[in-house]
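As a plain string of letters, each chain reads:
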Amino acid sequence: MAIKKHGNAVWQGDLKTGTGEVSTQSGAMDAVPYGFNKRFADEPGTNPEELIGAAHASCFAMALSMILGQEGLTPERLEATSTVSLEEKDGGFAITKAHLDLTARIPGADDDTFRRCAEAAKENCPVSKVLAGAEITLEARLA
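Residues numbered from 1 in each chain as written. Predicted model: local features only at pLDDT ≥ 70, side-chain atom pairs only at ≥ 80, totals over all residues. Heavy atoms only, no water.

Enquirer: How should the environment of L131 be read in this particular structure?
Expert: On the secondary structure map, L131 appears in the loop between helix 4 (126–130) and strand 6 (135–142). You can call L131 buried: its relative accessible area is 8%. Linking L131 and A98, residues 33 residues apart in sequence, is a C-alpha distance of 8.0 Å. (Helix = DSSP H or I, 4+ residues; strand = E, 2+ residues; numbered from the N terminus. Buried < 20%, exposed > 50% of the residue type's maximum accessible area, 1.4 Å probe, protein only.)

Here it is, written out as structure tokens:
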């Protein structure tokens, strides 16, 4: 059985002065603005890389929670950030890297088990698999 979720975007105008809105099926995001200056400058709003970073961080944290559970461990708190890099490549742009930064509170976890589980989550969460063409790195620490 496949789980299907969707998001949608509406774009109006040219690349640099046009505007867009992005929404999710759940309504968690509804007509959130995006555009060139939101992506390539610091104008408020969102952009595809930020959304991929949020998806990656949340997917990684859920995968790690599952893997820790298989080890008999329950995390008290997993705080994950995924920083996605968009760079010029091959005459266009590409997502070349995603860096996961994790701070975790896991009662009873030893450092070796924690690191092994975090690496497994990094390699196997579905969003990491989507980003397979990018270099994915991880910095993980127990708090």
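Enquirer: What is the right way to look at unusual backbone geometry in this model?
Expert: The general pattern is negative phi for most residues beyond glycine and trans for most peptide bonds. The backbone of A31 sits at a positive phi, close to 55°, despite the residue not being glycine. Positionally, A31 belongs in the loop between strand 2 (19–24) and strand 3 (32–34). Note on A31: relative accessible area 31%, which makes it partly exposed. A positive phi angle, close to 50°, is found at D90, a residue other than glycine. Relative to the helices and strands, D90 is located in the loop between strand 4 (77–89) and strand 5 (92–105).

Enquirer: Help me understand the sheet that holds strand 3, please; the structure alone is not making it clear to me.
Expert: The strands making up a sheet are joined through hydrogen bonds of the backbone, oriented either antiparallel or parallel. In space, the three strands of this open sheet follow the order 1-2-3, with antiparallel pairing throughout. One side of each edge strand has no neighbouring strand; the edge strands of this open sheet are strand 1 (7–12) and strand 3. Neighbour-to-neighbour, the strand axes of the sheet open up by a mean angle of 25°, direction not taken into account. Strand direction decides the pairing type here: strand 2 and strand 3, joined by three bridges, are antiparallel. Bridge assignment links G20 to a residue of strand 3, and that residue is Y34. (Pairing = 2+ DSSP bridges. Axes fitted to C-alpha atoms, helices over the stretch in contact; angles between N-to-C directions.)

Enquirer: Any chance you could explain the layout of surface pockets here in plain terms?
Expert: The probe, sized like a water molecule, is rolled over the atoms to show the empty space still left. Size it by volume and the largest pocket reaches roughly 170 Å³. If you trace the largest pocket, you find it lined by H6, G7, N8, V22, S23, T24, M29 and L51. Only strand 1 and strand 2 provide two or more residues apiece to the lining of the largest pocket. Per-element accounting of the lining of the largest pocket gives the leading share, three residues, to strand 2. For the lining of the largest pocket, the class distribution of residues is three nonpolar, five polar and no charged. (1 Å grid on protein atoms, 1.4 Å probe; cavity = no way out; pocket = protein on both sides within 12 Å on 5 of 7 lines; lining within 4 Å. Points joined across faces, edges and corners; volume = space filled by probe spheres on them. Nonpolar A, V, L, I, M, F, W, Y, C, P; charged D, E, K, R; others polar.)

Functional significance is not addressed by these values, which are geometric in nature.
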